[in-house]
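# Observations on the model geometry
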Amino acid sequence: MVIQRNDNWKMLFEPLFHRREDVVESLQRLAPLRVDTMHARPMNITNADLLMLYVETTRIVRAARLYAARLN
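Quick notes on the rules
Residues numbered from 1 in each chain as written. Predicted model: local features only at pLDDT ≥ 70, side-chain atom pairs only at ≥ 80, totals over all residues. Heavy atoms only, no water. Axes fitted to C-alpha atoms, helices over the stretch in contact; angles between N-to-C directions. Helix = DSSP H or I, 4+ residues; strand = E, 2+ residues; numbered from the N terminus. Parallel < 35°, antiparallel > 145°, perpendicular 65-115°, else oblique. Left-handed = near helix turned anticlockwise from the far one by under 90°. Contact = heavy atoms within 4.5 Å. Nonpolar A, V, L, I, M, F, W, Y, C, P; charged D, E, K, R; others polar. Buried < 20%, exposed > 50% of the residue type's maximum accessible area, 1.4 Å probe, protein only. 1 Å grid on protein atoms, 1.4 Å probe; cavity = no way out; pocket = protein on both sides within 12 Å on 5 of 7 lines; lining within 4 Å. Points joined across faces, edges and corners; volume = space filled by probe spheres on them. Core = buried A, V, L, I, M, F, W, Y, C linked by side-chain atoms within 4.5 Å. Polar contact = N/O pair within 3.5 Å; in protein donor to acceptor, adjacent residues only side chain to side chain.

## As for the packing of helix α2 (residues 20-38) against helix α3 (residues 47-71)
Between α2 and α3, the least distance of the axes is 10 Å, while the angle of their chain directions is 150 degrees. As the angle between them shows, α2 and α3 are arranged roughly antiparallel. The hand of the α2/α3 crossing is left-handed. Contacts between α2 and α3 involve Asp-22, Ser-26, Leu-27, Arg-29, Leu-30 and Leu-33 on the former and, on the latter, Asp-49, Met-52, Leu-53, Glu-56, Arg-59 and Ile-60. For the contact of α2 with α3, the residue count by class is six nonpolar, one polar and five charged.

As structure tokens, this is what we get:
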């Protein structure tokens, strides 16, 4: 919700991610895994969950690195 707020999105997150939908989709995919992890249910995490975690966090980190490289 913080990322999607219009003032936050325009000022802070749009230069980093470009498309709001990409960020929302990544975070929605990660939400069930986050719930299990943050509520001490790690036994529910599967290899498919770990793969999704890798893919989605890679997308987010790649965007951050590209943005940081443009700043330098």
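## As for the environment of Leu-50
Within the secondary structure layout, Leu-50 lies in helix α3. Exposure remark for Leu-50: the relative accessible area of 44% places this residue in the partly exposed category.

## Structural notes on the layout of surface pockets
Quantified by volume, the largest pocket comes out at close to 180 Å³. As for the largest pocket, its lining consists of Leu-16, Phe-17, His-18, Asp-22, Val-23, Ser-26, Arg-59, Ile-60, Arg-62, Ala-63, Leu-66 and Arg-70. Of all elements in the fold, only α1 (6-17), α2 and α3 reach the threshold of two or more residues within the lining of the largest pocket. Broken down by element, the residue count for the lining of the largest pocket peaks at six residues, all from α3. Broken down by class, the residue content of the lining of the largest pocket amounts to six nonpolar, two polar and four charged.

## Here's the deal with the nonpolar core
In this structure, Trp-9, Phe-13, Leu-16, Phe-17, Val-23 and Ala-63 together form the largest nonpolar core, which totals six residues. Here the element with the most residues in this core is α1; it accounts for four residues. Non-local contacts of Phe-17, meaning those with residues more than four positions away in its chain, are made with Trp-9, Val-23, Ile-60 and Ala-63.

## As for the side chain of Glu-56
Residue position: Glu-56 is located in helix α3. With a relative accessible area of 4%, Glu-56 lands in the buried category. Polar contacts involving the side chain of Glu-56 include one to the side chain of Ser-26, which spans 2.5 Å. Not counting residues up to four positions away in its chain, the partners in contact with Glu-56 are Ser-26, Arg-29 and Leu-30.

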